[in-house]
Amino acid sequence: MSKQELVVLGQDGEDGACCPGTVTAPLDEDRAVELARLFKALGDPVRLRLLSMIASRAGGEVCVCDLTPAFDLSQPTISHHLKLLRQAGLIDCERRGTWVHYRALPDTLDRLAAFLKTSRTTGVSA
């Protein structure tokens, strides 16, 4: 077995982080409006759980028939929450016969993740 030195990313002294976050400058108004719309859609526990269930599903999509039983809510209420997630651009759907299949939109989730990611140099601590 060889004893190679492991290189730890972010320890090179340049900026203290391997992948600097995007929270390094104040948001402009348009970006703030866009992100607020996304966060508002996620501001409900049911919608947050629905997005999590959809995004984590193997194969990348899930039938509404598999989502509804996970909640103690009526089918119209679940459909309303899914509609709000769709309108926010977090998910999309496709009708197949009588069932609707939902999938998360990775580009939108990536924009949220990029915003939430902080750089170690910003002084933000957890």
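What this report covers is the structure whose coordinates are included nearby. Source: prediction; values computed, not measured. (Residues numbered from 1 in each chain as written. Predicted model: local features only at pLDDT ≥ 70, side-chain atom pairs only at ≥ 80, totals over all residues. Heavy atoms only, no water.)

**Thoughts on the overall build of the protein chain**
Inclusion rule: Starting at the N terminus, helices and strands are each numbered in turn, a helix being any DSSP run of H or I of at least four residues and a strand any DSSP run of E of at least two. Between buried and exposed lies partly exposed: a residue is buried under 20% and exposed over 50% of the maximum accessible area for its type, with that area taken using a 1.4 Å probe on protein chains only. Throughout, a contact is declared for two residues whenever any of their heavy atoms are within 4.5 Å. Residue burial considers only the protein chains on display, and all accessible areas are found by Shrake-Rupley using a 1.4 Å probe.
Of the regular secondary structure elements, the protein chain holds five helices and three strands. When the elements of the protein chain are put in sequence order from the N terminus, they spell out α-α-β-α-α-β-β-α. A buried classification covers 26% of the 126 residues belonging to the protein chain. In the protein chain, of all internal contacts separated by at least 6 residues, the share reaching a separation of at least 24 is 60%. In the form shown here, the protein chain has an accessible surface area of approximately 8,700 Å², with 55% of it arising from carbon and sulfur atoms.

**Description of the nonpolar core**
As a reminder, the rule being used: For our purposes a nonpolar core is just a set of buried Ala, Val, Leu, Ile, Met, Phe, Trp, Tyr and Cys residues, chained together by side-chain atoms within 4.5 Å.
Among the nonpolar cores identified, the biggest contains 22 residues, and Leu50, Ile54, Leu82, Leu85, Leu90 and Tyr102 are the most heavily contacted of them. Listed by contribution, the elements that provide at least two residues to this core are α1 (29-41), α2 (45-55), α3 (64-67), α4 (75-87) and β3 (99-104). If one sorts the elements of this core by residue count, α2 sits on top with four residues.

**Let's talk about the sheet that holds β3**
Rule in force here: Strand pairing follows a simple DSSP-based rule, namely that at least 2 bridges must link the two strands. Axes here mean lines fitted to C-alpha atoms, for a helix over just the part in contact, with angles spanning 0 to 180 degrees between N-to-C directions.
Taken in spatial order, the three strands line up as β1-β3-β2 in an open sheet, and their pairing is antiparallel. Strands with a single pairing partner mark the edges of an open sheet, and in this sheet they are β1 (61-63) and β2 (91-96). Between one strand and the next, the sheet's axes are offset by a mean angle of 25°, whatever the strand orientation. Seen against the sheet, α4 touches β2 and β3 and runs at an angle of roughly 120° to β2.

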